[in-house]
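Close look at the chain arrangement
Letter by letter, the chains look like this.
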Amino acid sequence: MLPVVAITGRPNVGKSTLFNRLAGKREALVADYPGLTRDRRHCLARLAGRRVILVDTPGVGEGGDWDEALRGQFERALAESDLAVLLTDSRQGLCPADEAAAGWMREAGCAVILAVNKSEGQPREISVAEFHALGIPDPHAISALRGDGVTLLAEAVAGALPAGAATLDADQGRTRIAIIGRPNVGKSTLVNRYLGEERMLVRDQAGTTRDSVPLDFEYGGEPCTLVDTAGIRRRARVDPGPERLSVTQALQAIEQADAVIVLLDAREGATEQDLRLISLALDRGRALVIGANQWDRVPASDRARVNDELARQLKFLDFADLHRVSALRGWSVTKLLDSALAGVESASRDLPTGQLNAVLRRAVEEHATPRRGGRRIRLNYAHQGGKRPPLIVIHGRQTKHLPDSFRRYLARRVRTTFGLRGTPVRIELRTGSNPYKES
Ligand SMILES: Nc1nc2c(ncn2[C@@H]2O[C@H](COP(=O)(O)OP(=O)(O)OP(=O)(O)O)[C@@H](O)[C@H]2O)c(=O)[nH]1
Ligand SMILES: [Mg+2]
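What you see is a predicted model, and the numbers here were worked out from it, not measured in a lab.

Thresholds, definitions, all that
Residues numbered from 1 in each chain as written. Chains lettered and ligands numbered in written order. Predicted model: local features only at pLDDT ≥ 70, side-chain atom pairs only at ≥ 80, totals over all residues. Heavy atoms only, no water. Near = heavy atom within 4 Å. Polar contact = N/O pair within 3.5 Å; in protein donor to acceptor, adjacent residues only side chain to side chain. Areas by Shrake-Rupley, 256 points an atom, 1.4 Å probe, with all protein chains shown as cover. Helix = DSSP H or I, 4+ residues; strand = E, 2+ residues; numbered from the N terminus. Nonpolar A, V, L, I, M, F, W, Y, C, P; charged D, E, K, R; others polar. Pairing = 2+ DSSP bridges. Axes fitted to C-alpha atoms, helices over the stretch in contact; angles between N-to-C directions. Contact = heavy atoms within 4.5 Å. Salt bridge = Lys/Arg side-chain N within 4 Å of Asp/Glu carboxyl O. Parallel < 35°, antiparallel > 145°, perpendicular 65-115°, else oblique. Expected span 1.5 Å × (residues − 1). Buried < 20%, exposed > 50% of the residue type's maximum accessible area, 1.4 Å probe, protein only. Right-handed = clockwise from strand over helix to strand, strands pointing away.

Brief notes about the site of ligand 1
Lining the immediate environment of ligand 1, one finds 16 residues, of which Lys-15, Ser-16, Thr-17, Glu-120 and Ala-144 sit closest. At 2.9 Å, a backbone N or O of Asn-12 approaches an oxygen atom of ligand 1. Separating an oxygen atom of ligand 1 from a backbone N or O atom of Ser-16 is a distance of 2.8 Å. For ligand 1, whose accessible area on its own is 650 Å², the fraction buried by protein is 71%. The element best represented in the shell around ligand 1 is helix H1 (residues 15–23), accounting for three residues. For the shell around ligand 1, the per-class residue count stands at four nonpolar, seven polar and five charged.

Topic: the sheet that holds strand S8 (residues 216–219)
Strand order in this open sheet of six strands is S8-S9-S7-S10-S11-S12, and the pairing throughout is mixed. Only two strands of the sheet have a single partner each, and these edge strands are S8 and strand S12 (321–324). Strand-to-strand twist across the sheet, computed as the mean angle between neighbouring axes with direction ignored, equals 30°. By the bridge criterion, seven bridges tie strand S10 (residues 259–265) to strand S11 (residues 287–293) in an arrangement that is parallel. Considered in S11, the bridge of Val-260 is made with Leu-288. Of the strands in this sheet, strand S7 (175–181), strand S9 (222–227) and S10 are in contact with helix H7 (residues 247–256), which crosses S7 at around 160°.

Here we look at the environment of Arg-51
Among the structural elements, Arg-51 can be located in strand S3 (residues 50–56). In this structure, the C-alpha to C-alpha distance between Arg-51 and Leu-2, residues 49 residues apart in sequence, is 6.8 Å. In terms of polar contacts, Arg-51 uses its side chain to reach the side chain of Glu-255, at 2.9 Å.

Quick notes on the environment of Leu-22
The residue Leu-22 is located in helix H1 in this model. As for Leu-22 and Leu-44, which are separated by 22 residues in sequence, their C-alpha atoms are 9.7 Å apart. Beyond its immediate sequence surroundings of up to four residues, Leu-22 is in contact with Ile-7, Ala-45, Leu-47, Leu-54, Val-150 and Ala-154.

Comments concerning the sheet that holds strand S15 (residues 378–386)
As summarised here, the arrangement of the three strands in space is S15-S16-S17, forming an open sheet in which the pairing is mixed. Each having just a single partner strand, S15 and strand S17 (426–431) make up the two edges of the open sheet. On average, each strand axis in the sheet is tilted by 25° relative to the strand beside it, whichever way the strands run. Sheet strands in contact with helix H11 (residues 353–366) are S15 and strand S16 (391–397), and its direction is about 145° off that of S15. Running at roughly 120° to S17, helix H12 (residues 404–418) makes contact with S15, S16 and S17 of the sheet.

Topic: unusual backbone geometry
With an omega of 5°, the peptide bond running from Arg-388 to Pro-389 counts as cis. Within the element layout of this structure, Pro-389 appears in the loop between S15 and S16. For Asn-12, which is not glycine, the phi dihedral falls at a positive 70°. Mapped onto the fold, Asn-12 is located in the loop between strand S1 (4–9) and H1. Even without a glycine there, the phi angle at Asp-138 is positive, about 50°. Topologically, Asp-138 is positioned in the loop between helix H4 (124–128) and strand S6 (140–141).

Regarding the pattern of salt bridges
Tallied over the full model, the rule gives 24 salt bridges. The network of salt bridges with shared partners includes Arg-51, Glu-255 and Arg-284.

Regarding the packing of H1 against helix H5 (residues 150–160)
Think of two packed helices as two axes; the pair is described by the angle between the axes and how far apart they sit. Orientation of H1 relative to H5, taken along the N-to-C sense of each, is 80°, at an axis distance of 11 Å. When the axis of H1 is compared with that of H5, the two are roughly perpendicular. For the pair formed by H1 and H5, the contact residues are Leu-18, Arg-21 and Leu-22 on the first element and Val-150, Leu-153 and Ala-154 on the second. Across the contact of H1 with H5, the residue classes break down as five nonpolar, no polar and one charged.

Quick word on helix H10 (residues 333–347)
Here H10 spans 22 Å end to end across 15 residues, near enough to the 21 Å set by a 1.5 Å rise per residue. Of all the positions in H10, only Val-333, Leu-336, Leu-337, Ser-339, Ala-340, Leu-341, Gly-343, Val-344, Ser-346 and Ala-347 are classed as buried.

Re the pairing of S17
Counting buried residues in S17 gives five out of six residues, a clear majority hidden from the surface. The pairing of S16 with S17 spans six bridges and is classified as parallel. Bridge pairing in S17 links Ile-392 to Ile-427. On the question of chirality, the crossover connecting S16 to the parallel S17 by way of H12 is right-handed.

Some points on the side chain of Ser-339
As for its position among the elements, Ser-339 is in helix H10. In this structure Ser-339 comes out as buried when scored by relative accessible area, which is 7%. Sequence-distant contacts of Ser-339, that is, excluding residues within four places in its chain, are made with Val-289, Asp-321 and His-323.

Looking at the environment of Leu-36
Tracing the backbone shows Leu-36 in the loop between H1 and strand S2 (42–47). For Leu-36, a relative accessible area of 12% corresponds to the buried category. As a C-alpha pair, Leu-36 and Arg-276 span 240 residues in sequence and 7.1 Å in three-dimensional space. In this view, Leu-36 contacts Leu-275, Ile-278, Ser-279, Leu-282 and Phe-316; residues no more than four positions away in its chain are not counted.

Right, dumping it as structure tokens:
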């Protein structure tokens, strides 16, 4: 489990600015796919070397009023967090809403670090003076915009986090599969189907009860573990209410998995939230398979249309298998596992340098790179820089001007040549004669 850090505070104090600064350079080098909804409120970040899930929250409590809907979001963000940064604005000074937020966090028993933003150009003591009244020790004076004090803040946050809880160990030879999806799409039904169907899947710890090693099973001789999203702890300081999409939970599950099954409701097609979940799995580079569930409930006369619509919506995901399934009836549910395992196998493949360079040469012959200032962008040399997902490092000249569409084209060529299924392929471009120098 990764620790979760929420950035909270009134509107306009600079939460999103701080979020963006702490998020830093996106780890992912997956090309941006047109049509993907990206989540700008959650990200994986590294604070003083510690990996965390960072959550940006909407501003609450303007003028001491609590907008009910926003407050609900605020409470849920806190309930899922290990620690909150309460951000205030030194220019506006202490506001009733700051006091309300601090009071509420105290009630909720939430660990809080206070940061006084927009403090550039004045001594720390002056910035923080009136905020001592909030009763939160050691306020930080920062400028999210300029970066002043942000490193110290990040260190303080990292230092205040609980010791790392155990995550599933990557090297136990088990393939870890997460099932994520919006509420009520049928995740639990699918999990039960996998774990209950003894003919199909033999759980390999005979005699162990479901609560001790509940989610290990064997599929086609392959030891697997279902990453249990339902069991991913909700920090139950407040009643979470009816099941809602928790991006934080989904991120925790993605983090622990080798492959992700995104389950959606075929009757509704790929909704914006489904696309958001897909983008989170892609950003993390996980092997991916899509299950269009409740297929048994799509009237036969409507299936062709629903199918076309899904294919159109998910066209950008050309490398991921899409299966029409019914978790309830057991239709095609093993295909999801087949695809997940195939995706992990593809993601782990060795891609020999000679063949990669042949792919690169042919790709550029058949489709010339664009020109930049009269000269073509050059792509000279490729090698594999990593696995799970495959990372292809390409060295050349002026590579930072290569359009995303060309990057996607290269990824597609690599995938088709090597027959990779179910995994994104990352392309990292470098400019410079020294292959190991960053552009
Ligand atoms: N001078 C100064 N301005 C800042 C700083 N941080 C943010 N701002 C500005 O404050 C304004 C609000 O910043 P946001 O990051 O959008 O604030 P927010 O808290 O996310 O706002 P909501 O999400 O609407 O609640 C923007 O104009 C920022 O450029 C800072 O450190 N110094
Ligand atoms: Mg914001």
